[in-house]
Amino acid sequence: MIFSVTSKRLISYDSSSSDGKLWKQFDAFTRGLIAFPIYVPGTAFYKCMQGRKNVMKILTKMLDERKRASRQDSVDFLDLLLDDLKKEKLLRNEKIALDLLFLLLFAGFETTSSGITAALKFLTDDPKALQELIVIHEALRLSNIAPVMFRKATEDVHINGYTIPKGSKIMIDPSSVHLDSTVYKDPIVFNPWRWKGTVEPVGGASKEFMAFGGEVRLCVGADFAKLQMAIFLHCLVTKYRDLSCNLQQHRRRITKV
Ligand code: HEM
């Protein structure tokens, strides 16, 4: 569902009339993204690389077709990219434009759908939270959907008696903060009420909450993702209450078995 929404806005992709090929290739890419990098047919990493190659082929074909066809009815992100490519002053070329499309399609779908999945899991376990529906930050804190971020030290950094030399590559692990008991009381407990009365951090992130990164690389889709998640959860509780009850009954039955 999330892929349909995002891909429609970006490339006018109609997932209801498609054969699901684009999504399947993205799925293959995602599954092997953090796999051991052995590039041999059959491995998760190989399928990941093939997935990326196939998505790029589909996007390139789409871009070529779009260049030939003139579209008046509606404007999507691909049209804007094509307009940009015509401007000579810009450094962007077709390869960069296609990479950007790939990135946005990936970043706009894998993250939000994982966020919704995590929220659903925690809500099914906690009917009280389901009634109040104040879950999004807590689900993201516990699930750490973006498990690592990378930075490069542009100068020597002195911290707690250590020096990180200029040029070092740093891997930031947000879960070490999100699951730190000195920052969050009972950090592995799902407790959305811990956010009640707190103020949204200025700029969308803080040293205590970095599910969407922070500073200059704060997630560009953070508000869009939270909006999609909120709409999804709203529809779920207003239209599918029976389904959520059934889910719980179903889980209880499974547990008994
Ligand atoms: C629950 C949903 C999401 C989570 C948890 C998430 C998480 C993140 C994080 C942690 C970063 C920073 C990476 C870094 O600092 O190296 C990031 C960056 C980014 N995200 Fe998201 N994201 C989400 C949804 C989205 C959506 C919906 C889009 C686009 C439609 C998006 C597009 C991007 C882009 C383009 C960047 C790079 C920003 C830059 O480098 O300036 N993300 N995201």
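All values reported here derive from a predicted model rather than from experimental measurement.

S.K.: Give a detailed account of the overall build of the chain, specifying residues and quantitative values.
M.R.: Helix and strand content of the chain: 11 helices and 4 strands. For the C-alpha atoms alone, the extent of the chain along its principal axes is close to 55 × 55 × 40 Å. Taking all 257 residues of the chain together, the buried fraction comes to 34%. Considering only intrachain contacts with a sequence separation of at least 6, the fraction spanning at least 24 residues in the chain is 60%.

S.K.: Describe the site of the ligand, naming the residues involved and giving the relevant values.
M.R.: Near the ligand, the surroundings consist of 19 residues, among which T111, R151, G213, R217 and C219 are the closest. In the model, an oxygen atom of the ligand is placed 2.8 Å from a nitrogen or oxygen of the R151 side chain. When residues of the shell around the ligand are traced back to their parent elements, those giving at least two are α5 (94–107), α6 (110–125), β1 (149–152) and α10 (222–239). No other element matches the 3 residues that α5 contributes to the shell around the ligand. Tallied by class, residues from the shell around the ligand come to 12 nonpolar, 5 polar and 2 charged.

S.K.: Explain the coordination of the iron atom of the ligand residue by residue, including any values.
M.R.: Six octahedral donors around a metal ideally make angles of 90 or 180 degrees; four tetrahedral donors ideally make 109.5 degrees. A lone protein donor contacts the iron atom of the ligand, and this donor is C219 (SG), found at 2.3 Å. Summarising the element assignment, C219 is placed in the loop between α9 (175–178) and α10.

S.K.: Before we move on, can you summarise the pattern of salt bridges with the specific residues and values?
M.R.: Under the criterion given, the structure shown has 14 salt bridges. For D64, the salt bridge identified is with K67, shortest N-O distance 3.6 Å. Of this pair, D64 and K67 are both found in helix α3 (residues 44–68), 3 residues apart, which corresponds to roughly one turn of the helix. Residue class for D64 comes out partly exposed when judged on its relative accessible area of 30%. The salt bridge partner of K121 is D125, with a shortest N-O separation of 2.5 Å.

What counts as what
Here, residues in each chain are numbered from 1, in the same order as that chain's written sequence. A pLDDT threshold of at least 70 governs which residues receive local features in this predicted model, and a stricter bar of 80 or more applies before side-chain atom pairs are shown or counted, although totals over entire chains, interfaces and linings include all residues. No hydrogens and no water enter the side-chain calculation; it runs on all heavy atoms of the structure. Under the scheme used here, helices are H or I runs from DSSP no shorter than 4 residues and strands are E runs no shorter than 2 residues, and both carry numbers assigned from the N terminus. For the exposure calls, accessible area comes from a 1.4 Å probe over protein chains only, and a residue counts as buried if that area is under 20% of its type's maximum, exposed if over 50%, partly exposed in between. Whether two residues are in contact is decided by their heavy atoms, any of which lying within 4.5 Å being enough. Near, as used in this document, describes a residue that has one of its heavy atoms within 4 Å of the molecule or strand being considered. Whenever two N or O atoms come within 3.5 Å, that pair is a polar contact, provided that in protein one can donate a hydrogen and the other can accept it, and provided that, for residues adjacent in sequence, both atoms are side-chain atoms. Side-chain classes follow a simple rule in which Ala, Val, Leu, Ile, Met, Phe, Trp, Tyr, Cys and Pro form the nonpolar group, Asp, Glu, Lys and Arg form the charged group, and the remainder, Gly included, forms the polar group. The rule for donors is simple: N, O or S, within 2.8 Å of the metal, or within 3.2 Å if the metal is Na, K or Ca. Water isn't counted, so a site may look like it is missing partners. Think of a salt bridge as a Lys or Arg side-chain nitrogen and an Asp or Glu carboxyl oxygen that are within 4 Å of each other.

Everything listed here is a matter of coordinates, which is why it stays silent on function.
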